[in-house]
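Descriptive analysis of the structure
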Amino acid sequence: MTPDPEASFARTYPILGGGFFLAGRASGEVKRGLGELPLPPELLRRVVIATYEAEMNIVIHAISGEISVSARDACVTVIAADRGPGIPNIEQALVPGYSTASDKARSLGFGAGMGLTNMRRCADEFRISSELERGTRVEMHFRPRSPGAKEKL
Amino acid sequence: MHLAEIAEILEAQVLTGGDRLNVEIPAVGASDMVSDLLFFGHPGMLLLTGLTKSSVVRAAQVADVAAIVFVRGKRPDRDAVELAQEIGLPLMASAHSMYDSCGRLYARGLPGVIPAGGAGAGDVS
């Protein structure tokens, strides 16, 4: 997962599974970093929400992982890949409200079962693949949306 | 409605961000689930919550929340307050329950956030 060297923004963030204390920090840095580019606010908002959900999924479910974010012109790509248990049934995991989060995660307000739903809704292209006992990979692409199109976020 | 008026209606104590009470709040959302907040969140909204860890402050930052009120007498932990100070997010605490807090604000004309894509799961196609 090497960031595109010619992209106007390219960073990779390591994420620690179970690291609830630091959770959300990478997304905060993405927000600051991408915020310096001339991106439409609605695009930035969708990227940051989806990145946050991807980050939280790694924290909640995986051993470790990394998130790569790159931007060129007004197109943003986010790739989240983890080493972890994998998802036995992706179709089920994509059902809004379905969650396998731990009690600890739930006590912190996570585990609504809306993470993948939020990512898929925010992204213009969403791909997920998973291998049991190996890990999960989510790839998302974002482009500016015309006002009033599809979703307002 | 300004944050200062909201603090008055909720009889809330301002924990941090007292210099930003002139912020105009267009709408309110209430949730104890982070992803729900990100789902229905609206830039500039006020969040009512019972979550007290720093994770809710980070989520609020991601969702462009303008301020947080902790309800039913809950207090954010120290990390949450420090993070809020760092990012300039006002925090307040009210002894009223979630239900009563929502009711008080609604009765004064402050609307709820409109869920993107309606009340359901939204457009996930």
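Before reading on, note that the structure itself is shown above.
Report follows, based on the coordinates. (Residues numbered from 1 in each chain as written. Chains lettered and ligands numbered in written order. Predicted model: local features only at pLDDT ≥ 70, side-chain atom pairs only at ≥ 80, totals over all residues. Heavy atoms only, no water.)

Here we look at helix H5 (residues 98–107) of chain B
Each turn of an α-helix holds 3.6 residues, which means side chains three or four residues apart point in the same direction. Residue and element names in this part refer to chain B. Looking at H5, one finds that the buried residues are Met 98, Ser 101 and Leu 105. The buried residues of H5 occupy an angular sector of 70 degrees when projected down its axis, which confines them to one face. Structural note: H5 exposes Tyr 99, Tyr 106 and Ala 107 on the side pointing more than 90 degrees away from its buried face. In this structure, the buried side of H5 is in contact with helix H1 (3–9), strand E2 (28–30) and strand E3 (46–49). Phi for Gly 109, located one or two positions after H5, is positive at around 95 degrees. (Buried < 20%, exposed > 50% of the residue type's maximum accessible area, 1.4 Å probe, protein only. Helix = DSSP H or I, 4+ residues; strand = E, 2+ residues; numbered from the N terminus. Arc of directions from axis to C-beta. Contact = heavy atoms within 4.5 Å.)

Considering the sheet that holds strand E4 (residues 67–70) of chain B
Residues and elements named next belong to chain B. Spatial strand order, E1-E5-E4-E3-E2: five strands in an open sheet with mixed pairing. Where the open sheet ends on each side, the last strands, each with one partner, are strand E1 (13–16) and E2. Averaged over all neighbouring strand pairs, the angle between strand axes comes to 25 degrees, with direction disregarded. As defined by bridge partners, E1 adjoins strand E5 (residues 91–93) across three bridges and the pair is classed as antiparallel. Note that in E5 the partner of Thr 16 across the bridge is Leu 91. This element, helix H3 (residues 54–62), spans E3 and E4 of the sheet and lies at about 150 degrees to E4. (Pairing = 2+ DSSP bridges. Axes fitted to C-alpha atoms, helices over the stretch in contact; angles between N-to-C directions.)

Structural notes on the interface of chain A and chain B
Chain A puts 31 residues into the contact, and the matching count from chain B is 28 residues. Contact between chain A and chain B buries roughly 2400 Å² in total, counting both sides, with carbon and sulfur atoms accounting for 56%. The largest per-residue losses of area from chain A upon contact with chain B belong to Arg45(A), Tyr52(A) and Arg121(A), which jointly make up 23% of the total buried on that side. In this structure, Arg45(A) and Asp64(B) form a salt bridge, with 3.3 Å as the shortest nitrogen-oxygen distance. Counting the contacts that link chain A with chain B gives ten residue pairs in polar contact (both at pLDDT 80 or more). Among the elements of the structure, helix H1 (25–35), helix H2 (41–61) and helix H5 (115–122) of chain A are those that each provide at least two residues to the side of chain A that touches chain B. (Buried area = accessible area lost by both parts, 1.4 Å probe. Salt bridge = Lys/Arg side-chain N within 4 Å of Asp/Glu carboxyl O. Polar contact = N/O pair within 3.5 Å; in protein donor to acceptor, adjacent residues only side chain to side chain.)

Concerning helix H4 (residues 78–87) of chain B
Residues and elements named next belong to chain B. Among all positions in H4, only Ala 80, Val 81, Leu 83 and Ala 84 are buried. Seen along its axis, H4 keeps its buried residues to an arc of 165 degrees; they face one direction. Those residues of H4 that are exposed and angled more than 90 degrees off the buried face are Arg 78 and Glu 86. Where H4 is buried, its residues meet E1, H3 and E5. Gly 88 occupies a position one or two residues after H4 and carries a positive phi of about 75 degrees.

Thoughts on the sheet that holds strand E4 (residues 125–131) of chain A
Residues and elements named next belong to chain A. Ordered in space as E1-E2-E3-E5-E4, the five strands form an open sheet in which the pairing is antiparallel. The open sheet has two edge strands, strand E1 (9–16) and E4, and neither has a second partner. Neighbour-to-neighbour, the strand axes of this sheet turn through a mean angle of 10 degrees, independent of strand direction. Against the sheet, H2 touches E1, strand E2 (64–72), strand E3 (75–83) and strand E5 (135–142), its axis set at about 5 degrees to E3. The sheet contacts of H5 involve E4 and E5, and relative to E4 the element is tilted by about 145 degrees.

Section: the nonpolar core
Ranked by size, the top nonpolar core spans 68 residues in total, and within it Leu34(A), Val76(A), Met140(A) and Phe142(A) carry the most contacts. When residues of this core are assigned to their parent elements, the largest contribution, twelve residues, is made by H2(A). Discounting residues that sit within four places of it in the chain, Val76(A) has contacts with Leu34(A), Leu39(A), Leu43(A), Val47(A), Val69(A), Ser70(A), Ala71(A), Met140(A), His141(A) and Phe142(A). In this structure, Ala7(B), Ala12(B), Val28(B) and Ala66(B) belong to the second largest nonpolar core, which totals 19 residues. (Core = buried A, V, L, I, M, F, W, Y, C linked by side-chain atoms within 4.5 Å.)

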